[in-house]
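Structural features, examined
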Amino acid sequence: MFPNPQALSQAALDHYVHSNTDLDKHRQTGSMLMVEGDGVRVKDAQGRSYIEGVAALWCAGLGFNEPRLADAAARQMRRLSYYHNFAAKSADVPVALAERLAEMAPGDLNRVMFATSGSEANDTAVKLAWYYHNALGQPAKKKIIARRQAYHGVTVASGSMTQLAAINGGFDLPIDRFIHTDCPHYWRFAEPGESEADYATRLADSLERLILAEGPETIAAMIAEPMMGVGGVLFPPETYFPKIQSVLHKYDILLIADEVICGFGRLGTMFGSTYFGVTPDIMTLGKQITSAAFPLSAILMTDRVFDVIAAESGRRGTFGHGYTYAGHPVGAAVAMEVLDIYQERDILSHVRRMGRVLHDRLAALADHPLVGEVRGDGLVAAVQLVDDKAARCFFDPAQGVAKGVAAHLQENGVILRVLSNDSIAIAPPLIIGEHDLTLLLDRLESSLNWAARNLGRM
Ligand code: PMP
């Protein structure tokens, strides 16, 4: 079934089109192919083992070969390998999962739809917002506000909410109806001497100005990650969301919380919305919902939103949205098992405990000559590299400083991810233990020292 490593490498060069990759360069450099998982580690085709320090794409919460997930999937495949959820039919397990998610979610997010990816979940959330306002006789309410530096996916709508040059470039995104407000990164964007609270007020004022300039009657929803992941591991000031939410309420604009990364414990709370005291109208979930062992995402909406949508679908005779694989019984069975494991292992306490190990160590790294800011909480962090600490100046991107650090680290058996502006993300599987976490951090520090010596800063 598996060809030998050399044949595989050739096949990758000849046939495989990667995502988020310089496809031209790939013709020379080839692929790195993973063949096995072992807890928080993955092994490549050459037999080298790596600690996956970002849980692959912030998603493999239980690591890379949890046997209980294999058993859960196999059991469900033998029992009922597929059924759809159109026309009031469904498999049984996704219904049980919907009930469980409604119980776990904050507030009255009691109605659950499924999809298979974060992008699809966010596209669905946008369609729900449009359908909702149409139902209320507000058909002009169509625009969606996202934030600069946001990542919400890559489909046409979710890619239009994403605002990162590396992702949008060449695709003519965003399309109309999608606009962007400020990115809440205090360290980078606050005025000298401005307090966090004043900064949050300024961003809420700026949001209100945008809404008034566009016309509140044209705005359907705002989407926000509680903690911005791909955008840089950005934790907004404490008062940011309450201030933003009060502006949204004033103009009858729905809030969509994108919990694709934050959901299921990443910040040491079950959801990022819980962490920041956000009460969204719609919440999207993905990634760690199945520990990435099966593609499954979910869209939760409040009773209020659902009631409006249900009444409208009654008038129309149907709610004309759905995917073949939405509410897949195998995905739902895997998700149920994942949620059992998170509960049995008290994953939130574990994340908070490991989070202290991570952040104590990173706090000490803040004095490193290349480090401008360390940020994060729970099991997510970013180390922001800077050319000039005092002036908070980034390196010239052409220097590829963070990429060099990540490549050196990879040589030393740790995979981390470089985000824009030379920040390095850390988000290991939630199950990582103190020994592996310390090993990861030791190696990160060595690679930073190596880079500092190369740049003559140490
Ligand atoms: N939202 C957020 C916050 C994400 O980080 C991602 C993926 N990194 C997505 C949505 C898109 O998810 P997917 O890749 O499953 O479409």
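The model shown is predicted, which means the values in this text are computed figures rather than measured ones.

1. Considerations on the overall build of the protein chain
Across its full length, the protein chain holds 17 helices and 15 strands. Relative to the compact-globule value of 23 Å for 458 residues, the protein chain shows a C-alpha radius of gyration of 22 Å, a close match. When the backbone C-alpha atoms are referred to their principal axes, the protein chain occupies close to 70 × 60 × 45 Å. Restricting the contact set of the protein chain to residue pairs at least 6 apart, pairs at least 24 apart contribute 71%.

2. So, the domain arrangement of the protein chain
Along its sequence, the protein chain is organised into domain 1 (32–65 + 346–454) and domain 2 (69–182 + 218–231 + 250–344). Using only C-alpha atoms to locate each centre, domain 1 and domain 2 end up separated by 28 Å. Each partner contributes residues to the interface: domain 1 has 19 residues there, and domain 2 has 21 residues. Listing elements by their share of the side of domain 1 that touches domain 2, those giving two or more residues are α3 (55–58) and α15 (347–365). With 5 residues, the single largest contributor to the side of domain 1 that touches domain 2 is α15.

3. A look at the site of the ligand
The environment of the ligand is made up of 15 residues, and the closest members are Ser117, Gly118, Ser119, Gly153 and Val260. Considering each element in turn, the shell around the ligand owes the most residues, 3 residues, to helix α6 (residues 118–135).

4. Focus: the sheet that holds strand β2 (residues 41–44)
Spatially, the 4 strands line up as an open sheet ordered β1-β2-β3-β13, and their pairing is mixed. Each end of this open sheet is capped by a strand with a single partner; those strands are β1 (34–38) and β13 (414–415). Note that strand β3 (residues 49–52) and β13 share 2 bridges and pair parallel. Its bridge partner being in β13, Glu52 is matched across the sheet by Ile415.

5. Thoughts on α15
With 19 residues, α15 extends 26 Å from end C-alpha to end C-alpha; this agrees with the ideal 27 Å at 1.5 Å per step. Along α15, the residues classified as buried are Ile347, Val351, Met354, Gly355, Leu358 and Leu362. End-on view of α15: buried residues confined to an arc of 120 degrees, all on one side of the axis. Of the residues in α15, the exposed ones pointing more than 90 degrees away from the buried face are Ser349, Asp360, Ala363 and Ala364. In the core, the buried residues of α15 are packed alongside α14 (329–344), β11 (371–377), β12 (380–385), β15 (423–426) and α17 (434–454).

What counts as what
- All residue numbers refer to position in the chain's written sequence, counted from 1.
- Since the coordinates come from a predicted model, pLDDT governs what is reported: local features require at least 70, and pairs of side-chain atoms require 80 or more to be given and counted, while whole-chain, interface and lining totals use all residues.
- Secondary structure elements follow DSSP: runs of H or I of four or more residues count as helices, runs of E of two or more count as strands, with numbering from the N terminus.
- As defined in this context, the radius of gyration uses C-alpha atoms, and a globule is described by 2.2 Å times the residue total to the power 0.38.
- Residue pairs qualify as contacts under a 7 Å threshold applied to their C-beta atoms, which are placed from the backbone.
- By convention here, the domain bounds are inherited from an automatic or database domain assignment.
- Any residue qualifies as near a molecule or strand once its backbone-derived C-beta atom lies within 6 Å of it.
- Pairing between strands requires that DSSP locate at least two bridges from one strand to the other.
- A helix's residues, less one, multiplied by 1.5 Å, set its expected span.
- Counting other C-beta atoms within 10 Å of a residue's C-beta gives its exposure: the residue is buried at 20 or more, exposed at 12 or fewer, and partly exposed in between, where C-beta atoms are placed from the backbone.
- The directions considered for the arc run from the helix axis to the C-beta atoms.

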